Amino acid sequence: MTLASNSQIFNMDLGPLNPVLAELILGAVLFGLTFLLLAKGILPKIRRTLDAREDAIEGGTDRADGLRAEATQIREQYEAELAEARHDAARIRSKAVEEGSVAIAAARAEGSAERDAILAAGAEKIAAERAAAERELTADVDAWAHALAARIVGEPVGADRA
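Residues numbered from 1 in each chain as written. Predicted model: local features only at pLDDT ≥ 70, side-chain atom pairs only at ≥ 80, totals over all residues. Heavy atoms only, no water.

1. A few points about the overall build of the protein chain
- Broken down by element type, the protein chain carries two helices and zero strands.
- When each of the 162 residues of the protein chain is scored for burial, the buried share is 2%. (Helix = DSSP H or I, 4+ residues; strand = E, 2+ residues; numbered from the N terminus. Buried < 20%, exposed > 50% of the residue type's maximum accessible area, 1.4 Å probe, protein only.)

2. Focus: a negative patch on the surface
- On the surface, a cluster of negative charge is contributed by Glu 54, Asp 55, Glu 58 and Asp 62.
- Position of Asp 55 among the secondary structure elements: in helix H2 (residues 21-153).
- Owing to a relative accessible area of 55%, Asp 55 belongs among the exposed residues under this scheme. (Patch = residues over 30% accessible without salt bridge, like charges linked within 9 Å, V, L, I, M, F, W, Y side chains within 5 Å. Areas by Shrake-Rupley, 256 points an atom, 1.4 Å probe, with all protein chains shown as cover. Salt bridge = Lys/Arg side-chain N within 4 Å of Asp/Glu carboxyl O. Lys, Arg positive; Asp, Glu negative; His and termini not counted. Charge placed at Lys NZ, Arg CZ, Asp CG, Glu CD.)

3. Some thoughts on the packing of aromatic side chains
- For the coordinates displayed, the defined rule picks out one aromatic pair.
- Plain terms: the ring middles of Phe 31 and Phe 35 are 6.3 Å apart, the flat faces sit at 25° to each other, and that makes the pair stacked. Of this pair, Phe 31 and Phe 35 are both found in helix H2, four residues apart, which corresponds to roughly one turn of the helix.
- Given a relative accessible area of 58%, Phe 31 falls into the exposed group. (Phe/Tyr/Trp six-rings, centres within 6.5 Å; stacked < 30°, edge-to-face > 60°.)

4. Side note on the pattern of salt bridges
- Tallying each qualifying case throughout the model produces six salt bridges.
- Taking the shortest distance from any N to any O, the salt bridge between Arg 47 and Asp 51 comes out at 3.4 Å. Linking Arg 47 with Asp 51, this pair stays in helix H2, spanning four residues, or about one helical turn.
- Asp 65 is the salt-bridge partner of Arg 68, the closest N and O atoms lying 2.9 Å from each other. On the criterion of helical spacing, the pair formed by Arg 68 and Asp 65 is a turn pair, its members being three residues apart in helix H2.
- The class for Arg 68 is exposed, based on a relative accessible area of 53%.
- A residue is classified by how much of its surface remains accessible, and Asp 65, at 38% relative accessible area, is partly exposed.

5. What about H2?
- Counted at 1.5 Å a residue, the expected span for H2 with its 133 residues is 198 Å, and the 183 Å between its end C-alpha atoms agrees.
- Roughly 40° is the biggest bend found in H2, and it falls at Leu 43, with proline Pro 44 one to four residues downstream.
- A positive backbone phi angle near 95° is found at Gly 154, which sits one or two residues after H2. (Expected span 1.5 Å × (residues − 1). Bend = angle between axes of the 7 residues up to and from the residue.)

Limitation: the analysis is restricted to geometry and does not speak to function.
Structural data, given as structure tokens:
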């Protein structure tokens, strides 16, 4: 078949704006098959993949926002507990300082009382020993004085004469 015979079959003049009807039908059928293949097979898979990715991204963002909110809440709770612990520590330190002051004052008072008791006991003991020493020495001093006077004078003096 020649070009002229094709033209006679379709009763058309060939030109750039007048396509051949068989090619036009073949192109339409192939376009339809390609469209169906894409529309029914490939595009739904692509759409599912894109939707899954979008869900993953949105879900990831939502999870990140949730984790961020949870972290903020945990941080606030931690800061509140830390502030409470600091307050408790300050209260305990204050109480310890007060108790320490009371204990120091009590120890000082007890020490002063003990010191006074020791000093009083020591003073009594010294007074008693002094009195005993004076009694012993008084008796001995008379005897020594007479003995010494007798040595000096050369003859017995006082109580030794008799």
